[in-house]
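# Analysis of the macromolecular model
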Amino acid sequence: MKPLSCCIAIAIFLLQSPCQAGFLDSLSQEILPPSQQRSSLDTNVIVKGLKEALATGTEKAVTAVSKPDGYFRNQLIKILLPAKIQQVADVAARIGFQQQVDTFVLSMNRAAEKAAPQAARYFGNAIRQMTVEDAKQILNGGDTAATTFFEKKTRAQLFEAFKPSVTTAMNQAGTARAYKELIGKYEATPLAAFSGKPSLDLDEYVTNKALDGLFLMVAEEEKKIRKDPAARTTDLLRKVFGGK
C-alpha cells in the first residue's frame, strides 16, 4: 500500500470505527517513511485523521461521564466532600443524619452528570480550530498531550457553561438545602464552638470537580489508545502497519 493510500485508509478507519478511534501516538512517523513525512498533502491527510480520532475519543469520554452514575459510580472521578466539609458530614452522620450526607454527595455527582453533555460542543470547536502546529505537538507529545491541548483551549469556557447547569441541577435536587441542614446540625454541636463554621462556594466546587473528572477521563482514553496494543489489532491496522 502506498504511503498516501495508508494515510487515507487510516483517516477513513478513524471516522468509521468508534471503538478504535482515539489518540494515535506519532501517527505520521508510523505510517509514513521519512522521505514522505514532509509532504504538505500527506500532513493535511494526517491532521484530518487526527481530528477524527480526537472527535471520537472526546465523544466517548463525554458520553461516559454524562450517563447516570457516570461520576457517582466511577471511583476515579466521583465528587466527594471537600476536607473542610467532611468533618461536618462526619459529625452529622454520628448524630443520625447519614442518609442526608449520602443524598448530598449523590446530588453533587448528579449535577455534574447533567452538565457534562455540554462539553461535546466545546471540544468540537477546539478540534475544528486546531492548527497543523497544534496537531504536531499532540502527535509528538507525551501521554496526555491531547488532553492538555483540550484543557488549555476549553476549560475556562466549560466552567462558564457548566456552572449555571450545576447550580440549577443542585437546586432541583435540594443540594443547597441539604448543605445548609448539615451546617446547621454541625453548628449545634460543641465541636463547632472550637473549629468554627466552614465556608464553601458549593457551585464553584462542584463545577471544578466536574471538569477535573471530565479531563481525567479524556486523559485515560488518550493513554489507553497510545499504549494499548489491543487498539491496533484489526485487519486494517495490521495491513497499514505491516504486521506491527
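It should be noted that the structure appears before, not after, this text.
Rules behind the numbers
- Residues numbered from 1 in each chain as written.
- Predicted model: local features only at pLDDT ≥ 70, side-chain atom pairs only at ≥ 80, totals over all residues.
- Heavy atoms only, no water.
- Helix = DSSP H or I, 4+ residues; strand = E, 2+ residues; numbered from the N terminus.
- Buried < 20%, exposed > 50% of the residue type's maximum accessible area, 1.4 Å probe, protein only.
- Contact = heavy atoms within 4.5 Å.
- Phe/Tyr/Trp six-rings, centres within 6.5 Å; stacked < 30°, edge-to-face > 60°.
- Lys NZ or Arg CZ within 6 Å of the ring centre and 35° of its normal.
- Axes fitted to C-alpha atoms, helices over the stretch in contact; angles between N-to-C directions.
- Parallel < 35°, antiparallel > 145°, perpendicular 65-115°, else oblique.
- Left-handed = near helix turned anticlockwise from the far one by under 90°.
- Nonpolar A, V, L, I, M, F, W, Y, C, P; charged D, E, K, R; others polar.

### Observations concerning the environment of alanine 135
Looking at the secondary structure, you find alanine 135 in helix H6 (residues 132-139). Among the residues examined, alanine 135 registers a relative accessible area of 1% and is labelled buried. For the pair alanine 135 and leucine 50, spaced 85 residues apart in sequence, the C-alpha separation works out to 7.4 Å. Sequence-distant contacts of alanine 135, defined by excluding residues within four places in its chain, comprise Val47, Leu50 and Met130.

### Description of the packing of aromatic side chains
Counted by the stated rule, this structure contains 3 aromatic pairs. Summarising the aromatic geometry, the rings of phenylalanine 149 and phenylalanine 150 are spaced 5.4 Å apart at their centres and angled 65 degrees between planes, so their arrangement reads as edge-to-face. A relative accessible area of 8% places phenylalanine 149 in the buried class. Through pairs of rings, three or more aromatic residues link up here, namely Phe123, Phe149, Phe150 and Phe215. One cation-aromatic arrangement involves lysine 78 over phenylalanine 72; the distance from NZ or CZ to the ring centre is 4.5 Å.

### Regarding the packing of helix H4 (residues 83-115) against helix H7 (residues 145-173)
One way to put it is that H4 packs onto H7 with a least axis distance of 8 Å and a crossing angle of 135 degrees. With respect to H7, the axis of H4 lies oblique. Classified by chirality, the crossing of H7 by H4 is right-handed. Where H4 abuts H7, its residues Ser107, Met108, Ala111, Lys114 and Ala115 lie against Phe162, Ser165, Val166, Ala169, Met170, Gln172 and Ala173. Along the lines of polarity and charge, the residues of the contact of H4 with H7 split into 8 nonpolar, 3 polar and 1 charged.

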